[in-house]
Amino acid sequence: MSSVASAPVRVRFCPSPTGNPHVGLVRTALFNWAFAKHNQGTLVFRIEDTDAARDSEESYGQLLDAMRWLGFDWDEGPEVGGPHAPYRQSQRMDIYKDVAQKLQDAGRAYHCYCSTAELDARRDAARAAGRPSGYDGHCRDLSAEQVEAYKAEGRTPIVRFRMPDETITFTDLVRGELTFTPENVPDYGIVRANGAPLYTLVNPVDDALMEITHVLRGEDLLSSTPRQIALYKALIDLGIAKEIPSFGHLPYVMGEGNKKLSKRDPESSLNLYRERGFLPEGLLNYLSLLGWSLAADRDVFSIDEMVAAFEISDVNPNPARFDLKKCEAINGDHIRLLDVKDFTERCAPWLKAPFAPWAPEDFDEAKWQAVAPHAQTRLKVLSEITDNVDFLFLAEPAEDEASWVKAMKEGSDALLRTAREKLESADWSSPESLKEAVLAAGETHGLKLGKAQAPVRVAVTGRTIGLPLFESLEILGKEKSLARIDAALAKLTA
Ligand code: GLU
Ligand code: ZN
């Protein structure tokens, strides 16, 4: 028995641990993860922490925590290990040193002694003369005497990769065929003067050693691809790499004012979404739409549906717009899809300190269970639960001045008095009966239900907006509800 086996898919997610995880990073992780799953491939999680000045352990911990929270698993990487361990570049320095030396020995890289000032001056001159302004190859073929002279001056060289004098063409999985001419891709640094290897070296070297077949990453890295392809060719010649991977560049994500969403923009911080109570499945659903779609008429779907349908060739190269409103709406739809028990459990963090304004002993589990289904139909994000249910657990309703001013108009005291009377004799085990009472009170004062219930709502819950009023009244109970109406009346007549 034989079948044509296509090479197994191996993709990587390889963030640098700088700062907080952001949504652009999550989108990249998601597309790699979905691509791996869809193709029964392997996801390698690699930590690109070669920049000691910017990387931190705190950020590394946050990355791992974020990946777990989002529900991603990986086949090789931190915590799980794998055949290409270690997966933290800071632990692979010997490998890079060795490869850099081999590249130099083979003449594919060379020492460059140019100082920053010299490079700047030559770049400016080239620009002024209308010539390409990238590195001019000054140190490509220095004589032994020139090298000695530079050394005698005390210069320490960087290592520069020698770009072949040829046009590089590749077929981007998202963008189709792309061509880069040599004058646009000059020789570039791969090792700093202090011996530290750069992203330009370590990223393709690890992709080669880890046998990555598909590189899916943001469009911001597109300009490094022709360099990496050239480096790959050198690594193949040296027997270090087997094959050049395929590349696919995911579209830019645009934020406010049609500017590229930057990881420094507050709305791009993953922690913000977690704190606001986005569900991982809601956030991932929305982020999948940044460059991809399941079907024209379906914005809400599960991660399994995404995995089943995900083709990289369907990714749209045009910039995607990050729309927070849509993100919230989709998250709300996912909240609605939870079963009630799951929903009540996921709300737990927002029902206690530091979010909850009530004392822990005033929390009432039975009331919470009663009100939860009503809340579930309304929330966009879980953190909204606190304000929606605080009227049940606070001794007095939250003070919201704007709500008070909006609801308590002239005549509100008369209305509240009538409503109180009617509610007094209503059946408190039936929201319908409570509604009748407020409706009747409204009629007495020539007010429709909407207008009549606003002062009642603010008196009892403190806010103009909230859960269905009559269910809320029922759950809070007759005694407390009427006492709050009394308190509001007292305040109004004071
Ligand atoms: N560490 C790089 C970054 O976070 C990875 C880029 C790549 O995917 O090649 O930007
Ligand atoms: Zn030089």
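Structure: see above.
Residues numbered from 1 in each chain as written. Chains lettered and ligands numbered in written order. Predicted model: local features only at pLDDT ≥ 70, side-chain atom pairs only at ≥ 80, totals over all residues. Heavy atoms only, no water.

Undergrad: Explain the layout of surface pockets here, please?
TA: Think of a ball as big as a water molecule: rolled over the atoms, this probe shows where empty space is left. In this structure, the largest pocket occupies an estimated 1,100 Å³ of space. If you go around the largest pocket, you meet 43 residues; those closest to its centre are H22, L25, D220, L221 and K263. Those elements that place two or more of their residues in the lining of the largest pocket are β1 (10-13), α1 (23-38), α2 (57-70), α6 (199-209) and β8 (214-218). (1 Å grid on protein atoms, 1.4 Å probe; cavity = no way out; pocket = protein on both sides within 12 Å on 5 of 7 lines; lining within 4 Å. Points joined across faces, edges and corners; volume = space filled by probe spheres on them. Helix = DSSP H or I, 4+ residues; strand = E, 2+ residues; numbered from the N terminus.)

Undergrad: Just to check I follow, could you spell out the environment of G257 for this structure?
TA: Along the polypeptide, G257 turns up in the loop between β10 (253-254) and α8 (270-276). Relative accessible area serves as the criterion here: at 70%, G257 is assigned to the exposed category. Residues G257 and N184, 73 residues apart in the sequence, show an inter-C-alpha distance of 31 Å. (Buried < 20%, exposed > 50% of the residue type's maximum accessible area, 1.4 Å probe, protein only.)

Undergrad: Can you walk me through the site of ligand 1 in this structure?
TA: R12, C14, P15, S16, E48, Y199, N203, R217 and L221 make up every residue found near ligand 1. One of the side-chain nitrogen or oxygen atoms of R12 is found 2.8 Å away from an oxygen atom of ligand 1. Take C14: an N or O atom from its main chain is 2.9 Å from a nitrogen atom of ligand 1. Compared with its free state, where it exposes 290 Å², ligand 1 has 80% of that area covered by protein. Here ligand 1 occupies the largest pocket. Of the residues belonging to the shell around ligand 1, the class tally is four nonpolar, two polar and three charged. (Near = heavy atom within 4 Å. Polar contact = N/O pair within 3.5 Å; in protein donor to acceptor, adjacent residues only side chain to side chain. Areas by Shrake-Rupley, 256 points an atom, 1.4 Å probe, with all protein chains shown as cover. Sits in = over half its atoms within 2 Å of the grid points. Nonpolar A, V, L, I, M, F, W, Y, C, P; charged D, E, K, R; others polar.)

Undergrad: Please explain the packing of aromatic side chains as it appears in this structure.
TA: What describes a pair of aromatic rings is the distance from one ring centre to the other and the angle between the planes of the rings. Evaluation of the coordinates by the stated rule reveals 17 aromatic pairs. Pairing W350 with F355 gives two aromatic rings, centres 6.0 Å apart and planes at 40 degrees, and the pair type is tilted. Note on W350: relative accessible area 8%, which makes it buried. Take F355: its relative accessible area is 39%, and that puts it in the partly exposed class. With a centroid separation of 4.8 Å and 50 degrees between ring planes, the pair formed by F363 and F393 is classed as tilted. Of this pair, F363 sits in the loop between α12 (340-347) and α13 (365-376) while F393 sits in helix α14 (residues 385-393), and the two are 30 residues apart along the sequence. Members of the aromatic cluster, joined through ring pairs, are F31, W292, F301 and F310. Cation over ring: R88 sits above Y60, and NZ or CZ is 3.8 Å from the ring centre. Over the face of the ring belonging to Y135 we find R160, whose NZ or CZ atom lies 3.5 Å from the ring centre. (Phe/Tyr/Trp six-rings, centres within 6.5 Å; stacked < 30°, edge-to-face > 60°. Lys NZ or Arg CZ within 6 Å of the ring centre and 35° of its normal.)

Undergrad: What is the right way to read a positive patch on the surface from this model?
TA: A cluster of basic residues, K406, K409, K448 and K451, forms a positive patch on the protein surface. Within the secondary structure, K451 is located in helix α18 (residues 449-461). Residue K451 is classed as exposed on the basis of its relative accessible area of 61%. (Patch = residues over 30% accessible without salt bridge, like charges linked within 9 Å, V, L, I, M, F, W, Y side chains within 5 Å. Salt bridge = Lys/Arg side-chain N within 4 Å of Asp/Glu carboxyl O. Lys, Arg positive; Asp, Glu negative; His and termini not counted. Charge placed at Lys NZ, Arg CZ, Asp CG, Glu CD.)

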